[in-house]
Structures are given as C-alpha cells and as structure tokens.
Amino acid sequence: MGLRVGIDFDGVIHCYPSGWNGLSPSDPPIPGAKEFIEWLIGRGDEVVIITARVRPDANDGGAAGVRDWLIRHEFP
C-alpha cells in the first residue's frame, strides 16, 4: 500500500501567474507536475488535490472548474 499524498493546486500544479480570475483556472500546468503525479500513482500512491477554490458549504462550481482543468490538461 502506498502513501496518501496531498498536493496543492494553485502555484504547485496550476502555474497561477494570473492570480485568482474565477472558479475556472486559466493558466497552464507547472512543468513536470503531471509527470510527477503520474510517477506517484505509478508507484501505488494516492494523490489528493488540495485547493481553496472549493468551499464545502457551497455548490459554486469550484470543484468542477478544477476537475475540468485537470481533464483538459490530461492529468490522471
């Protein structure tokens, strides 16, 4: 069994030079972030994305924005 690894989204996976511009991230991935996450998963680790874009008490689309960005950039 692998580790559970938490990785922050903005500034770690998502480049974030534009800063906050809404629930749908617009900047590209940090170079190597996707490959690092693939490596973690390949060795059996569980990756958890951590972000303040999602408020647990609101259905404001933050989770969908992050999920769509990850899919668009072909993250596992």
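Report on the accompanying structure. Per chain, residues are indexed from 1 in the order of the written sequence. Residues qualify for local features only when their pLDDT is at least 70, as the model is predicted, and side-chain atom pairs are given and counted only at 80 or more; totals for whole chains, interfaces and linings, by contrast, use all residues. Heavy atoms from the whole structure form the basis of all side-chain values; hydrogens and water molecules are not counted.

**Some remarks on the overall build of the chain**
- Segments assigned H or I by DSSP are reported as helices when at least four residues long, segments assigned E as strands when at least two residues long, and all are numbered from the N terminus. The helix and strand tally for the chain stands at two helices and two strands.
- Starting at the N terminus, the α and β elements of the chain follow one another as β-α-β-α.
- Note that the radius of gyration is over C-alpha atoms, with the globule rule given as 2.2 Å times the number of residues to the power 0.38. Over its C-alpha trace the chain gives a radius of gyration of 13 Å, about what one expects of a compact globule, namely 11 Å for 76 residues.
- Taken along its principal axes, the extent of the C-alpha atoms in the chain is 35 × 30 × 20 Å.
- When checking whether two residues touch, look at their non-hydrogen atoms; a contact exists if any pair is within 4.5 Å. At a minimum sequence separation of 6, the contacts of the chain that also span at least 24 residues come to 67%.
- Surface exposure here means Shrake-Rupley accessible area, sampled with a 1.4 Å probe, where a residue is shielded only by the protein chains that are shown. By element, 57% of the accessible surface of the chain is carried by carbon and sulfur atoms, the whole surface being about 4900 Å².

**Describing the nonpolar core**
- We define the nonpolar core as a collection of buried residues of types Ala, Val, Leu, Ile, Met, Phe, Trp, Tyr and Cys that are connected through side-chain atoms lying within 4.5 Å of one another. Three exposure classes are used, based on accessible area relative to the maximum for each residue type with a 1.4 Å probe and protein chains only: buried under 20%, partly exposed in between, and exposed over 50%. Counting residues in hydrophobic clusters, the biggest one holds 11 residues: V5, I7, F9, I13, A33, I37, L40, V66, W69, L70 and F75.
- The set of elements that each furnish at least two residues to this core consists of strand 1 (4-8), helix 1 (33-42) and helix 2 (62-72).
- Look past the residues within four positions of W69 in its chain and what remains in contact with it is F9, I13, H14, P25, D27, P28, P29 and F75.

**A look at the pairing of strand 2 (residues 46-50)**
- Pairing geometry for strand 1 and strand 2, over five bridges, is parallel. Residue R4 lies in a different strand from strand 2, and its bridge partner there is E46. Any two strands between which DSSP finds at least two bridges are classified as paired.

**Looking at the side chain of R53**
- For R53, the position within the fold is in the loop between strand 2 and helix 2.
- According to the relative accessible area criterion, R53 is buried, its value standing at 2%.
- Polar contact is defined as a pair of N or O atoms within 3.5 Å, subject to the rule that within protein one atom must be able to donate a hydrogen and the other to accept it, and that residues adjacent in sequence are counted only when both atoms are side-chain atoms. For R53, the side chain forms a polar contact with the side chain of D10, separated by 3.0 Å.

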